[in-house]
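An overview of the molecular structure
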Amino acid sequence: MIDFRDFTYKELENYIIKINEPKFRAKQIFQWIHKGVNSFDDIININKGLKEKLKNEGYICNMVIEEKYTSNIDGTTKYIMRLKDENFIECVLMKYTFGNTICISTQVGCSMGCSFCASTIGGKIRNLTAGEMFGQVLTLQNDIKEKISNVVLMGTGEPFDNYENVIKFLNIINDPNGINIGMRHITISTCGLVPQIKMLADLNLQITLAISLHAPNDEIRKKIMPIANRYSMEELLDACKYYIKRTNRRITFEYALINEINDSEENALELSKKLKGMLCHVNLIPLNKVDEREFIKPDMDKVNIFKNILLKNGIETTVRREMGSDINAACGQLRRRFIQKNK
Ligand code: SAH
């Protein structure tokens with residue numbers, strides 16, 4: 001069966017031509033899908049015959065909300081979605097003053113193995129399709145009856161380990177015939193797959209690239225991120241410089257502060273030296289405690305000392321505001337709880 005949310009505009013046009021329907025039908029159907037309809041019956045400007053034909057070949061709705069939790073602190077809502085094959089994924093809605101932001105998953109599970117992250121504990125089950133990434137956006141929009149204006153690919157999974165589907169998803173949501181989310185409103189976060197960073201740079205898409213750096217050198221990085229064994233920090237930072245050169249976009253470096261692992265003054269100084277002169281911004285994230293892991297976050301004094309060292313050295317730095325701390329919002333934790341509870 002065909003997932004109609006997985007079609008780019010061009011692909012849908014080709015499909016409509018293939019089934020001997022007039023080309024303008026593609027635009028109608030595409031627009032309705034992007035308005036969030038869940039069934040062909042809800043498309044009012046196509047005839048019954050065509051609806052039946054489409055129903056025999058595929059579906060529009062590719063997931064349902066299984067559970068949702070809203071934070072009492074800041075209104076952040078975490079969703080568990082059930083996919084057609086009974087896999088579960090999570091995504092998060094964050095309400096900011098500049099608009100509604102969705103954090104989507106790109107894979108069911110993750111194979112990157114970062115030692116502080118809950119998403120990777122059960123390994124990777126499969127890649128999500130572009131349609132399933134888009135489905136998360138549409139399902140949330142339908143649920144809150146408001147538009148989503150920003151998309152961050154920072155949920156479960158490594159986007160660059162699912163590169164083709166991710167790029168297709170960007171093309172779907174950026175299409176002027178559809179929900180048309182501007183590239184500047186999209187952020188991709190990666191643990192640092194160097195070849196894909198360069199490939200993305202060559203597409204020159206104007207999206208924001210966020211790199212999960214989490215360490216000032218290879219020695220510490222290797223202890224917490226297996227990907228550091230594949231690409232050195234030098235190669236990674238070179239790829240980042242290439243991205244900046246090609247796109248002229250500022251890169252965000254994410255740095256989860258972990259007590260006694262990467263949070264010393266010396267670490268801050270070393271990081272400052274490595275990033276000096278780059279068009280970048282550091283986002284410090286005090287670690288979210290994951291039950292299965294022994295790591296904890298440093299106290300706020302240490303976080304501030306770290307931040308001030310970077311600032312003093314001319315590196316733009318912010319500390320990430322913790323969202324939804326009362327609802328297991330950290331990276332894959334909710335999905336894990338959910339799967340364990342329903343075993
Ligand atoms: N695989 C991608 C995107 C998903 S993770 C990546 O690695 O960037 C999104 C961000 O949350 C990453 O920076 C990740 O390192 C971070 N993260 C994972 N677990 C965390 C935890 N327990 N506390 C704080 N940040 C965490």
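Just so you know, these numbers come straight off a predicted model, no measurement behind them. (Residues numbered from 1 in each chain as written. Predicted model: local features only at pLDDT ≥ 70, side-chain atom pairs only at ≥ 80, totals over all residues. Heavy atoms only, no water.)

1. Examining the site of the ligand
In the vicinity of the ligand there are 18 residues, among which Gly157, Ser189, Ser212, His214 and Asn288 approach most closely. One nitrogen or oxygen atom from the side chain of Glu158 is found 3.0 Å from a nitrogen atom belonging to the ligand. Contact between the ligand and Thr190: an oxygen atom at 3.3 Å from a main-chain N or O atom of the residue. Burial of the ligand by the protein amounts to 95% of the accessible area it has alone, namely 530 Å². When the residues that make up the shell around the ligand are grouped by side-chain class, the tally is nine nonpolar, seven polar and two charged. (Near = heavy atom within 4 Å. Polar contact = N/O pair within 3.5 Å; in protein donor to acceptor, adjacent residues only side chain to side chain. Areas by Shrake-Rupley, 256 points an atom, 1.4 Å probe, with all protein chains shown as cover. Nonpolar A, V, L, I, M, F, W, Y, C, P; charged D, E, K, R; others polar.)

2. What about the packing of helix 9 (residues 265–275) against helix 10 (residues 300–312)?
For the pair helix 9 and helix 10, interaxial distance at closest approach is 9 Å and the crossing angle is 30 degrees. The angle between helix 9 and helix 10 places the two elements in the roughly parallel class. In the packing of helix 9 onto helix 10, the handedness of the crossing is right-handed. Between helix 9, through Glu265, Asn267, Ala268, Leu269, Leu271 and Ser272, and helix 10, the contact on the second element is made entirely by Ile305, Phe306, Ile309 and Leu310. Taken together, the residues of the contact of helix 9 with helix 10 sort by class into seven nonpolar, two polar and one charged. (Axes fitted to C-alpha atoms, helices over the stretch in contact; angles between N-to-C directions. Helix = DSSP H or I, 4+ residues; strand = E, 2+ residues; numbered from the N terminus. Parallel < 35°, antiparallel > 145°, perpendicular 65-115°, else oblique. Left-handed = near helix turned anticlockwise from the far one by under 90°. Contact = heavy atoms within 4.5 Å.)

3. Quick look at the domain arrangement of the protein chain
When its domains are assigned, the protein chain resolves into domain 1 (2–59) and domain 2 (63–341). Averaged C-alpha coordinates put domain 1 and domain 2 at centres separated by 33 Å. With both chains or domains summed, domain 1 and domain 2 bury close to 1,300 Å², and 54% of this area falls on carbon and sulfur atoms. Broken down residue by residue, the surface that domain 1 buries against domain 2 is led by Arg5, Asp6 and His34, which jointly contribute 48%. For the salt bridge of Lys168 with Asp6, the shortest nitrogen-to-oxygen distance reads 3.2 Å. In this structure, the connection of domain 1 to domain 2 is made through six residue pairs in polar contact (both at pLDDT 80 or more). Elements with a contribution of two residues or more to the side of domain 1 that touches domain 2: helix 1 (9–18) and helix 2 (24–35). For the side of domain 1 that touches domain 2, the element with the highest residue contribution is helix 2, accounting for six residues. (Domains from an automatic or database assignment. Buried area = accessible area lost by both parts, 1.4 Å probe. Salt bridge = Lys/Arg side-chain N within 4 Å of Asp/Glu carboxyl O.)

4. Re the packing of aromatic side chains
One pass over the structure, following the stated rule, counts eight aromatic pairs. With 5.1 Å between their ring centres and 80 degrees between their planes, Tyr9 and Phe30 make a pair best called edge-to-face. With Tyr9 in helix 1 and Phe30 in helix 2, the pair connects residues that are 21 residues apart, well separated along the chain. In this structure, Tyr9 and Phe30 share a single accessibility class: buried. (Phe/Tyr/Trp six-rings, centres within 6.5 Å; stacked < 30°, edge-to-face > 60°. Buried < 20%, exposed > 50% of the residue type's maximum accessible area, 1.4 Å probe, protein only.)

5. Digging into helix 4 (residues 130–144)
With 15 residues, helix 4 extends 22 Å between its outermost C-alpha atoms, agreeing within 8% with the 21 Å of an ideal straight helix rising 1.5 Å per residue. Most of helix 4 sits inside the fold, with 13 of its 15 residues counted as buried. Directly after helix 4, the chain includes Lys145, whose backbone phi takes a positive value near 55 degrees. (Expected span 1.5 Å × (residues − 1).)

6. What to know about the sheet that holds strand 6 (residues 99–103)
Ordered in space as 3-4-5-6-9-10-11-12-13-14, the 10 strands form an open sheet in which the pairing is mixed. One side of each edge strand has no neighbouring strand; the edge strands of this open sheet are strand 3 (63–70) and strand 14 (317–319). On average, each strand axis in the sheet is tilted by 20 degrees relative to the strand beside it, whichever way the strands run. Judged from the four bridges that link them, strand 10 (residues 186–190) and strand 11 (residues 208–212) form a sheet pairing that is parallel. Bridging from a neighbouring strand, Ile188 pairs with Leu209 of strand 11. Packing against the sheet, helix 8 (residues 233–247) makes contact with strand 11 and strand 12 (251–257), and its axis sits at approximately 145 degrees to strand 12. (Pairing = 2+ DSSP bridges.)

7. Section: the packing of helix 2 against helix 4
Orientation of helix 2 relative to helix 4, taken along the N-to-C sense of each, is 60 degrees, at an axis distance of 9 Å. Taken together, helix 2 and helix 4 sit at an angle that is classed as oblique. Residues Ile33, His34 and Lys35 of helix 2 lie in contact with helix 4, whose contacting residues are Phe134, Leu138 and Asn142.

8. A word on the nonpolar core
With 100 residues, the main nonpolar core has Phe169, Phe253 and Leu275 as its most contacted residues. When residues of this core are assigned to domains, at least three fall in each of domain 1 (2–59) and domain 2 (63–341). In this view, Leu275 contacts Leu213, Leu237, Phe253, Cys280, Val282 and Ile315; residues no more than four positions away in its chain are not counted. Listed in part, the five residues of the second largest apolar core include Val92, Met94, Val152 and Met323. (Core = buried A, V, L, I, M, F, W, Y, C linked by side-chain atoms within 4.5 Å.)

9. Looking at the layout of surface pockets
Taken as a whole, the second largest pocket spans an internal volume of roughly 160 Å³. Forming the walls of the second largest pocket are 11 residues, and the residues nearest its centre are Gly122, Ile125, Arg335, Arg336 and Ile339. Broken down by element, the lining of the second largest pocket gets its largest block of residues, four residues, from helix 11 (residues 333–341). Here the residues of the lining of the second largest pocket sort into three nonpolar, five polar and three charged. (1 Å grid on protein atoms, 1.4 Å probe; cavity = no way out; pocket = protein on both sides within 12 Å on 5 of 7 lines; lining within 4 Å. Points joined across faces, edges and corners; volume = space filled by probe spheres on them.)

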